[in-house]
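# Architecture and fold: a report
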Amino acid sequence: MPATAYQPLLNPITVVGPQFCAQYPVDLVIVKKVMTISDGNFAVTDVNGSVIFKVKGTLLSLRDHRVLLDAAGKPIVSLQSKMLSMHRRWQVFRGESSDPKDLLFSTKLSSIIQLKTELDVFLAANTKEEICDFKLKGSWFDRSCTVYAGNSNMIIAQMHKKHNVQSVVLGKDTFAVTVYPNVDYAFIVAIIVILDEINEDKID
(Lines give C-alpha, C1' and ligand atoms only; values in the text may rest on other atoms or scores of the structure.)
Protein backbone atom coordinates (compact mmCIF):
# COMPACT_ATOMS: atom_id res chain seq x y z
CA MET A 1 0.00 0.00 0.00
CA PRO A 2 1.61 3.34 -0.99
CA ALA A 3 2.31 5.76 1.82
CA THR A 4 0.08 8.40 0.22
CA ALA A 5 -2.94 6.13 0.76
CA TYR A 6 -2.76 6.73 4.49
CA GLN A 7 -2.51 10.51 4.52
CA PRO A 8 -4.75 11.81 7.34
CA LEU A 9 -7.89 13.60 6.21
CA LEU A 10 -7.84 17.38 6.60
CA ASN A 11 -11.29 17.20 8.21
CA PRO A 12 -11.67 14.18 10.52
CA ILE A 13 -14.76 12.02 9.94
CA THR A 14 -16.41 11.94 13.35
CA VAL A 15 -19.84 10.31 13.57
CA VAL A 16 -19.97 8.47 16.91
CA GLY A 17 -17.31 10.47 18.77
CA PRO A 18 -13.87 12.11 18.45
CA GLN A 19 -12.40 9.57 20.91
CA PHE A 20 -12.73 6.97 18.14
CA CYS A 21 -10.55 8.90 15.68
CA ALA A 22 -6.79 8.34 15.48
CA GLN A 23 -4.14 10.14 13.45
CA TYR A 24 -2.81 6.81 12.21
CA PRO A 25 -4.38 3.76 10.50
CA VAL A 26 -6.31 1.58 12.97
CA ASP A 27 -6.14 -2.17 12.31
CA LEU A 28 -9.01 -4.11 13.87
CA VAL A 29 -9.81 -7.80 13.99
CA ILE A 30 -13.47 -8.82 14.06
CA VAL A 31 -14.26 -12.28 15.36
CA LYS A 32 -17.73 -13.66 14.79
CA LYS A 33 -18.75 -16.85 16.56
CA VAL A 34 -20.50 -18.65 13.73
CA MET A 35 -22.60 -21.04 15.79
CA THR A 36 -23.67 -18.55 18.46
CA ILE A 37 -27.12 -16.96 18.56
CA SER A 38 -26.87 -15.58 22.10
CA ASP A 39 -25.44 -12.25 23.22
CA GLY A 40 -21.86 -11.38 22.41
CA ASN A 41 -21.48 -13.12 19.05
CA PHE A 42 -19.14 -10.36 17.84
CA ALA A 43 -15.85 -9.25 19.35
CA VAL A 44 -13.67 -6.48 17.95
CA THR A 45 -10.03 -6.47 19.02
CA ASP A 46 -6.82 -4.71 18.13
CA VAL A 47 -3.98 -6.64 16.48
CA ASN A 48 -2.72 -7.70 19.93
CA GLY A 49 -6.03 -9.33 20.86
CA SER A 50 -7.23 -6.66 23.30
CA VAL A 51 -11.02 -6.25 23.12
CA ILE A 52 -12.14 -2.81 21.92
CA PHE A 53 -15.82 -3.45 21.21
CA LYS A 54 -18.41 -6.16 21.72
CA VAL A 55 -21.77 -6.55 20.02
CA LYS A 56 -24.80 -7.63 22.00
CA GLY A 57 -27.78 -8.90 20.06
CA THR A 58 -31.41 -9.09 21.04
CA LEU A 59 -34.18 -10.44 18.84
CA LEU A 60 -37.23 -8.31 19.40
CA SER A 61 -40.67 -9.25 18.20
CA LEU A 62 -40.81 -6.64 15.44
CA ARG A 63 -37.24 -5.73 14.58
CA ASP A 64 -33.64 -6.78 14.95
CA HIS A 65 -31.67 -4.84 17.52
CA ARG A 66 -27.93 -4.77 18.19
CA VAL A 67 -25.90 -2.76 20.70
CA LEU A 68 -22.24 -1.89 20.21
CA LEU A 69 -20.48 -1.89 23.59
CA ASP A 70 -17.03 -0.70 24.57
CA ALA A 71 -14.59 -3.03 26.35
CA ALA A 72 -16.11 -2.13 29.73
CA GLY A 73 -19.63 -2.99 28.55
CA LYS A 74 -20.84 0.61 28.13
CA PRO A 75 -23.31 1.04 25.23
CA ILE A 76 -21.83 3.15 22.42
CA VAL A 77 -24.55 2.92 19.76
CA SER A 78 -27.67 0.86 19.14
CA LEU A 79 -28.54 -0.50 15.71
CA GLN A 80 -32.14 -1.17 14.74
CA SER A 81 -33.60 -2.52 11.52
CA LYS A 82 -36.75 -1.01 10.05
CA MET A 83 -39.31 -3.71 9.44
CA LEU A 84 -40.79 -4.30 5.99
CA SER A 85 -38.04 -2.26 4.38
CA MET A 86 -37.28 -3.41 0.82
CA HIS A 87 -33.87 -1.76 1.00
CA ARG A 88 -32.96 -3.40 4.35
CA ARG A 89 -32.85 -0.04 6.12
CA TRP A 90 -31.09 0.22 9.49
CA GLN A 91 -30.91 3.15 11.88
CA VAL A 92 -28.11 3.81 14.37
CA PHE A 93 -28.70 5.80 17.58
CA ARG A 94 -26.41 7.09 20.30
CA GLY A 95 -26.14 4.82 23.36
CA GLU A 96 -29.17 2.59 23.83
CA SER A 97 -31.59 5.23 22.60
CA SER A 98 -34.19 4.86 19.86
CA ASP A 99 -35.25 8.51 20.05
CA PRO A 100 -35.10 10.33 16.68
CA LYS A 101 -33.10 13.15 18.28
CA ASP A 102 -30.33 10.64 19.04
CA LEU A 103 -30.15 9.31 15.47
CA LEU A 104 -26.55 9.33 14.19
CA PHE A 105 -26.97 7.77 10.75
CA SER A 106 -29.01 5.32 8.72
CA THR A 107 -28.16 2.83 5.99
CA LYS A 108 -29.96 1.18 3.11
CA LEU A 109 -29.06 -0.97 0.13
CA SER A 110 -28.38 1.13 -2.97
CA SER A 111 -30.80 -1.04 -4.93
CA ILE A 112 -33.10 -3.93 -4.11
CA ILE A 113 -31.42 -6.40 -6.51
CA GLN A 114 -27.64 -6.57 -6.18
CA LEU A 115 -24.93 -8.93 -7.40
CA LYS A 116 -22.40 -7.25 -5.14
CA THR A 117 -23.35 -5.36 -2.03
CA GLU A 118 -23.65 -1.59 -2.17
CA LEU A 119 -24.76 0.07 1.03
CA ASP A 120 -25.60 3.79 1.19
CA VAL A 121 -24.96 5.60 4.47
CA PHE A 122 -26.77 8.83 5.37
CA LEU A 123 -25.90 11.02 8.34
CA ALA A 124 -28.82 12.18 10.48
CA ALA A 125 -28.67 15.73 9.10
CA ASN A 126 -29.04 14.42 5.53
CA THR A 127 -32.82 14.11 5.70
CA LYS A 128 -33.40 14.37 1.92
CA GLU A 129 -31.08 11.40 1.26
CA GLU A 130 -30.55 12.50 -2.36
CA ILE A 131 -26.79 11.87 -2.14
CA CYS A 132 -25.25 9.44 0.32
CA ASP A 133 -22.60 10.64 2.78
CA PHE A 134 -20.72 7.34 2.63
CA LYS A 135 -20.92 4.20 0.52
CA LEU A 136 -19.82 0.63 1.17
CA LYS A 137 -19.03 -1.60 -1.81
CA GLY A 138 -17.90 -5.20 -1.90
CA SER A 139 -18.71 -8.83 -1.33
CA TRP A 140 -19.70 -10.08 2.11
CA PHE A 141 -19.25 -13.66 0.95
CA ASP A 142 -15.58 -12.93 0.24
CA ARG A 143 -15.33 -10.73 3.35
CA SER A 144 -13.94 -8.05 1.09
CA CYS A 145 -15.39 -4.56 1.08
CA THR A 146 -14.39 -0.92 0.96
CA VAL A 147 -15.99 2.14 2.55
CA TYR A 148 -15.85 5.38 0.57
CA ALA A 149 -16.60 9.00 1.42
CA GLY A 150 -19.82 9.79 -0.45
CA ASN A 151 -19.87 8.83 -4.13
CA SER A 152 -16.16 9.61 -4.43
CA ASN A 153 -13.19 7.28 -4.80
CA MET A 154 -11.81 8.39 -1.43
CA ILE A 155 -11.33 5.24 0.65
CA ILE A 156 -11.82 5.57 4.41
CA ALA A 157 -11.79 1.88 5.45
CA GLN A 158 -11.26 -1.60 4.03
CA MET A 159 -12.18 -5.10 5.21
CA HIS A 160 -10.70 -8.43 4.16
CA LYS A 161 -10.85 -12.06 5.22
CA LYS A 162 -8.33 -13.10 7.85
CA HIS A 163 -7.39 -16.71 7.07
CA ASN A 164 -6.81 -18.73 10.19
CA VAL A 165 -7.17 -22.52 10.39
CA GLN A 166 -7.70 -22.36 14.15
CA SER A 167 -10.64 -19.99 13.68
CA VAL A 168 -12.36 -22.46 11.37
CA VAL A 169 -11.88 -25.29 13.88
CA LEU A 170 -13.28 -23.14 16.69
CA GLY A 171 -16.34 -22.18 14.65
CA LYS A 172 -15.30 -18.55 14.31
CA ASP A 173 -15.33 -16.24 11.33
CA THR A 174 -12.42 -13.81 11.50
CA PHE A 175 -11.79 -10.80 9.32
CA ALA A 176 -9.57 -7.74 9.46
CA VAL A 177 -10.50 -4.09 9.04
CA THR A 178 -8.16 -1.19 8.37
CA VAL A 179 -9.65 2.20 9.25
CA TYR A 180 -7.82 5.11 7.67
CA PRO A 181 -6.38 8.00 9.74
CA ASN A 182 -8.85 10.52 11.20
CA VAL A 183 -11.83 8.24 10.51
CA ASP A 184 -14.22 7.25 13.31
CA TYR A 185 -13.58 3.52 13.77
CA ALA A 186 -16.69 2.96 15.93
CA PHE A 187 -18.72 4.25 12.96
CA ILE A 188 -16.96 1.82 10.60
CA VAL A 189 -17.55 -1.14 12.95
CA ALA A 190 -21.26 -0.27 13.19
CA ILE A 191 -21.55 -0.29 9.38
CA ILE A 192 -19.87 -3.71 9.19
CA VAL A 193 -22.23 -5.15 11.83
CA ILE A 194 -25.17 -3.92 9.71
CA LEU A 195 -23.61 -5.51 6.63
CA ASP A 196 -23.40 -8.82 8.48
CA GLU A 197 -27.05 -8.57 9.54
CA ILE A 198 -28.14 -7.93 5.93
CA ASN A 199 -26.14 -10.94 4.85
CA GLU A 200 -27.81 -13.09 7.52
CA ASP A 201 -31.20 -11.95 6.21
CA LYS A 202 -30.25 -13.16 2.73
CA ILE A 203 -29.19 -16.53 4.10
CA ASP A 204 -32.41 -16.89 6.06
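The name given to the protein chain in an unreviewed UniProt entry is Protein LURP-one-related 15, with Vitis rotundifolia as the source organism. Under the heading Sequence similarities (unreviewed entry), UniProt records this for the protein chain: "Belongs to the LOR family."

With 49 residues, the main nonpolar core has Phe53, Val77, Phe105, Phe187 and Ile188 as its most contacted residues. Element by element, the count of residues in this core is highest for helix 2 (residues 185-203), at 12 residues. In this view, Phe53 contacts Phe20, Ala43, Val44, Leu68, Leu69, Asp70, Ile76, Tyr185, Ala186 and Val189; residues no more than four positions away in its chain are not counted.

Summed over all chains, the structure comprises 5 salt bridges. For Arg89, the salt bridge identified is with Glu129, shortest N-O distance 2.9 Å. With Arg89 in the loop between strand 5 (75-81) and strand 6 (90-94) and Glu129 in the loop between strand 8 (117-123) and strand 9 (134-139), this pair connects stretches of sequence that are 40 residues apart. Owing to a relative accessible area of 23%, Glu129 belongs among the partly exposed residues under this scheme. Note that Asp120 and Lys135 form a salt bridge whose closest N and O atoms lie 2.6 Å from each other. Within this pair, whereas Asp120 is found in strand 8, its partner Lys135 is found in strand 9, the two being separated by 15 residues in sequence. We note that Asp120, like Lys135, is buried. One network of salt bridges, in which partners are shared, links Glu118, Asp120 and Lys135.

Let's shift gears to the environment of Ala125. Here Ala125 lies in the loop between strand 8 and strand 9. Relative accessible area serves as the criterion here: at 75%, Ala125 is assigned to the exposed category. Along the primary structure Ala125 and Leu103 are separated by 22 residues, whereas in three dimensions their C-alpha atoms are 9.2 Å apart.

Thresholds, definitions, all that
Residues numbered from 1 in each chain as written. Predicted model: local features only at pLDDT ≥ 70, side-chain atom pairs only at ≥ 80, totals over all residues. Heavy atoms only, no water. UniProt positions renumbered as here; feature names shortened; annotations may be inferred. Core = buried A, V, L, I, M, F, W, Y, C linked by side-chain atoms within 4.5 Å. Buried < 20%, exposed > 50% of the residue type's maximum accessible area, 1.4 Å probe, protein only. Helix = DSSP H or I, 4+ residues; strand = E, 2+ residues; numbered from the N terminus. Contact = heavy atoms within 4.5 Å. Salt bridge = Lys/Arg side-chain N within 4 Å of Asp/Glu carboxyl O.

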